[in-house]
Structures are given as structure tokens and as C-alpha cells.
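Each chain, letter by letter, is given below.
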Amino acid sequence: TGAARVLSGNDASSDVKEELKKRVEALGQKLPGFRPGLAIVQVGGREDSNVYIRMKLKNAEAIGINATHVKLPRSATEVEVLLKLNELNQDPNIHGIIVQMPPDSEHYINPHTITDAVNPEKDVDGLHTMNEGHVATGDLETGFLPCTPNGVMELIKRTGVKIAGSDAVVLGRSKIVGTPMSELLKWHHATVTVCHSKTKDLEQKAAAADILVVAIGRAEMVKESWIKPGAVVIDCGINSIDDPTKKSGKRLVGDVDYKGAAKRASWITPVPGGVGPMTVIMLMRNTVLAAEKMLERLLQP
Ligand code: NDP
């Protein structure tokens, strides 16, 4: 093991959890019996989705959020999902709605149609086009920030490293991680390079990063030589690889070769226990925020 300090998402998320418990308690004092409500919509029953949903339900319960698991069968069509979302949009006890992606249906379901059918004021995943637009143009206050990039920002802030003026490199440009990640870093005044599958000289670009965020879904692709000495390295990857020494025969690794990168980085996130728990707790924070906003509107004279 190398010199890097471990940037623990378990520690950071339990700090946020304590703060959220207090905020939920305060809401219950403003309006007795009031609790934030979260609906988690699942189409079908992918095993990885089941695991993520269990984590979300467990966190919600610990914080005092009323979470409902809304299950639709694999036979559900896009229209049926839209009807369910419409119902949840109208429900005054539901403050946050997420659809667990990807849907597992016998029919084609367009993910963009689904995310844009959630009322933007209940869009606690921050994936509605309107919320994306706020972030893209540097308004980080009005809407909801997407959970994984928002969790990464929390982790970077905990290092104390100055973001403004730093050179940040993001590997990946997906809708849920890479793209909003690069925008958040940009609006925190980093100078951002976004890399993807067509990028040339990927290693050299990564090696110029003061802050390197990796979200490519390629097990341990980022090696020691890709890391600038002293860099902050954030690994969003969750990859299951074969490991005959484990009872399950499998093991989770990130997109970064942890041992190698830790020799050069100043800070590095582990997998598991890094970005994963931050994603879940940011969903909880958005849900509490949605409930706070709703109650504010309700109690307005
Ligand atoms: P996607 O597959 O949607 O996107 C991957 C991105 O990486 C794309 O932009 C792709 O480029 C780029 N890419 C793929 N291969 C390479 C390569 N060899 N070189 C350079 N760029 C490459 O993945 P996600 O963004 O959804 O997820 C990324 C990782 O993060 C996954 O491991 C996923 O499991 C994990 N994840 C973790 C979460 C958490 O809570 N911790 C939440 C969400 C995801 P192009 O655009 O050109 O195709």
C-alpha cells in the first residue's frame, strides 16, 4: 500500500446521515406527523437493482424517510410506467420519486421519456431535463443535483484541496455520472477535461489531473502511471470480477487499480466504501430537501 490517504465514503455518508436525521426531526416539529416520502419505482427484478434498492430502503428507514418500493412486473409497458408516475406526481405524501434504472421489461421503455415524466420538483435523482439544464448553466441552487456527481463533490470538498483553478479530468461522459460531474467541477471553477471512448492519449490526459474522477465501467483500467503525484483520485466504478478466493467467486473493484494509484495519489476513494455510499446518501438529502421545500410552500400564509 502506498502513501495516499483513504477518502472514505462510509465516514462521509454517516456524517451526512446524522445531519439528515436532525432535519427530518425538525420537519416533524413544524408539522406533527410529517415525514418525507420517497417512492422507488422498479420495473422487473434485476438482481443488481434489488441490491441498490435494499440499500436505499435501509438508509431511508434510518433517517426517518417514508420510502415505498413500487414494483411493476416485467410485463409493464412504457405507458403503464407513465401512468404510475402520474399517480405518484399527484400524491401529496410523496416528495421524491426515482425510477431504478435500467428498467427490466419485456417491452422497450425509453429511459429519457421516463425520467422526464417525473415532476421536476420531485425529481430527487436530478435526471429530468429541466434539472440537468440548471446544472449545465451553473444554477446549482434551483433544482436537484444528480446523486453520484453530488456525492463526489462532497468527497472532494472533504479533502480540503482547492477546486477553483485546479485541473480536473473526468473519464466518462454518461448522463448520470460523467457529464454532470464535469459540469459541477466546472462551476466550482476547476478547468475540466472530459474524456471518453474516442479520446486519444487518455493516459497523458489523466496524468495531468490535480483531480481525477473516473466513471468508465472498465475494471481497474486506470494504472499508477496515469496518476499525477499528489492528485485526488475518485473512482466511481463498480465492477464485479472473478475471484476464486471468495466464497461468492466474485469481488467488486473500481475503474482504478487501487494499489497502484494509491502510491501516487494524495487521496483516493476505495471500492466499495467510496462513491457508492455517497450516492445513496445524496438521494436521501435530495428527498429531505424536496420535503422541506414542499412543507415551506404548504405553510406559506
Ligand atoms: P456508461 O457505460 O453509461 O458510460 C461509460 C463512459 O465511459 C462513456 O462515456 C464511455 O465513452 C466511457 N468509456 C468507456 N470505455 C472507455 C475507455 N476504454 N476509454 C475511455 N472512455 C471509456 O457508465 P456509467 O457512467 O453509468 O457508469 C460508470 C461506472 O460507474 C460503472 O462502473 C458504474 O457501475 C459506476 N456507477 C457507480 C455509481 C455509484 O453509485 N457509485 C452510480 C452509477 C454508475 P462513450 O461515451 O464514448 O461511449
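Bear in mind that the values here come from a model prediction, so they are computed numbers and not experimental data. (Residues numbered from 1 in each chain as written. Predicted model: local features only at pLDDT ≥ 70, side-chain atom pairs only at ≥ 80, totals over all residues. Heavy atoms only, no water.)

Draft legend 1. View of the nonpolar core. Membership of the largest hydrophobic core comes to 45 residues, with the highest contact counts inside it found for Val152, Ile156, Leu185, Val213, Ile234, Ile281 and Met284. Element by element, the count of residues in this core is highest for helix H10 (residues 275-299), at nine residues. For this core, the two domains that each supply at least three residues are domain 1 (32-119) and domain 2 (147-276). Those residues within four positions of Leu185 in sequence are excluded, and the remaining contacts are Met153, Ile156, Ile163, Ala168, Val170, Ala190, Val192 and Val213. Ranked by size, the runner-up nonpolar core spans 19 residues in total, among them Ala4, Leu202, Ala206 and Ile227. (Core = buried A, V, L, I, M, F, W, Y, C linked by side-chain atoms within 4.5 Å. Buried < 20%, exposed > 50% of the residue type's maximum accessible area, 1.4 Å probe, protein only. Helix = DSSP H or I, 4+ residues; strand = E, 2+ residues; numbered from the N terminus. Domains from an automatic or database assignment. Contact = heavy atoms within 4.5 Å.)

Draft legend 2. Spatial organisation of the sheet that holds strand S1 (residues 5-6). Reading across from one edge, S1-S11-S8-S7-S5-S6 is the order of the six strands in this open sheet, with parallel pairing throughout. In this open sheet, the two edge strands, each paired with only one partner strand, are S1 and strand S6 (191-195). Here strand S5 (residues 167-171) pairs with S6 via five bridges, running parallel. Bridge pairing in S6 links Asp167 to Thr191. (Pairing = 2+ DSSP bridges.)

Draft legend 3. Looking closely at the pairing of S5. The buried count for S5 comes to four of five residues, which makes it a mostly enclosed element. As a crossover connection, the stretch from S5 through helix H7 (residues 178-187) into S6 is right-handed. Bridge analysis of S5 against strand S7 (residues 211-214) gives four bridges, and the strand direction is parallel. Bridge pairing in S7 links Val170 to Val213. (Right-handed = clockwise from strand over helix to strand, strands pointing away.)

Draft legend 4. Quick look at the pattern of salt bridges. Across all of its chains, the model carries 15 salt bridges by this definition. With a shortest N-O distance of 2.8 Å, Arg23 and Glu19 are connected by a salt bridge. Note that Arg23 and Glu19 are positioned in helix H1 (residues 9-30) at a spacing of four residues, about one turn of the helix. Residue classification places Arg23 among the partly exposed positions, given a relative accessible area of 22%. Each of the salt bridges in this network shares a partner with another, and the network as a whole consists of Glu19, Arg23 and Glu292. (Salt bridge = Lys/Arg side-chain N within 4 Å of Asp/Glu carboxyl O.)

Draft legend 5. Molecular detail of a nonpolar patch on the surface. Taken together, the side chains of Tyr52, Ile238 and Leu252 make up a nonpolar region of the molecular surface, amounting to roughly 260 Å² of accessible area. Residue position: Tyr52 is located in helix H2 (residues 47-63). (Patch = residues over 30% accessible without salt bridge, like charges linked within 9 Å, V, L, I, M, F, W, Y side chains within 5 Å. Areas by Shrake-Rupley, 256 points an atom, 1.4 Å probe, with all protein chains shown as cover.)

Draft legend 6. A look at the domain arrangement of the protein. Domains assigned within the protein are domain 1 (32-119) and domain 2 (147-276). For domain 1 versus domain 2, the separation of C-alpha centres amounts to 28 Å.

Draft legend 7. Representation of the site of the ligand in the model. By nearness alone, 22 residues border the ligand, and Arg173, Ser174, Ser197, Cys236 and Thr279 come closest of all. Contact distances for the ligand include 2.5 Å between an oxygen atom and a side-chain N or O atom of Ser197. Between the ligand and Ile238 there is a distance of 3.1 Å, counted from an oxygen atom to a backbone nitrogen or oxygen. Burial of the ligand by the protein chains amounts to 72% of its free accessible area of 920 Å². (Near = heavy atom within 4 Å. Polar contact = N/O pair within 3.5 Å; in protein donor to acceptor, adjacent residues only side chain to side chain.)

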